[in-house]
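Observations on the model geometry
Listed below, chain by chain, are the residues.
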Amino acid sequence: MSPSASSSTVFRVADLQQNRPTSFELRPSPKELTALAEALSLSTVRKVVFAGEIRAHGKSDWELVAKLGATVVQPCVVTLDPVTTRVEDKIERRFVAHLPDPDGDEEEEIEMPEDENAERLETHIDVHAILHEALALNIPQFPRAQGAELKDAVFTEAGKKAMTDEDARPFSGLAALRDQLGSKEDE
């Protein structure tokens, strides 16, 4: 990464100042963008900016607040044509010093914090890893090119009639039978 506001993508918590935020800005190089695209199974990743700050949150906790901007290209799930998506999101993480261990051996119920952005505070905060995770969570899972529609796919052995979605509905035949019985009772 080529951070401009700091010289590293990994911050040692013991070195962070309690009374002043630590700013960062990551702009991956072309080589790093290629590696990111491969790691996320994307065609390409263009122009990523991840900028924000890490600041004290209470006496022993820390928080990261940042903006993520990226342009990604991935294949359409229907046509395989390239689909370009612009990702813009505000990213928040709280690093909590006294977070309960969910993998503990105790059988008693552990109360987890309600904050979905809370993570266990470790000795270091890896901004590059947070960028990677945030981008993975914000890209479309099933990108579609404009106008692309998924049509019915029907498979069967040669010489046999293929079963359709309509044929697979278990009660469709019962409705027809009910209608036939109803018409015989009216006679």
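Refer to the structure presented above.
Let me begin by describing the structure that accompanies this report. The structure presented is a predicted model; accordingly, all values stated were derived computationally and were not measured.

Basis of the calculations
Residues numbered from 1 in each chain as written. Predicted model: local features only at pLDDT ≥ 70, side-chain atom pairs only at ≥ 80, totals over all residues. Heavy atoms only, no water. Helix = DSSP H or I, 4+ residues; strand = E, 2+ residues; numbered from the N terminus. Buried < 20%, exposed > 50% of the residue type's maximum accessible area, 1.4 Å probe, protein only. Arc of directions from axis to C-beta. Contact = heavy atoms within 4.5 Å.

1. Quick notes on unusual backbone geometry
Notably, lysine 47 is not glycine yet its phi reads approximately 45 degrees, a positive angle. Along the polypeptide, lysine 47 turns up in strand E3 (residues 44-57). Positive phi values are uncommon outside glycine, yet leucine 80 reaches one of about 70 degrees. Within the secondary structure, leucine 80 is located in the loop between strand E4 (61-75) and strand E5 (82-96).

2. Notes on helix H1 (residues 30-39)
If you check which residues of H1 are buried, you get Leu33, Leu36 and Ala37. Summarising the axial view, the buried residues of H1 lie within an arc of 100 degrees, below the 170-degree limit, and thus occupy one face. Counted as exposed and oriented over 90 degrees from the buried face of H1: Lys31 and Glu38. Residues of H1 that are buried make contact with E3 and helix H2 (127-138). Following H1 by one or two positions, serine 41 has its phi on the positive side, about 55 degrees.

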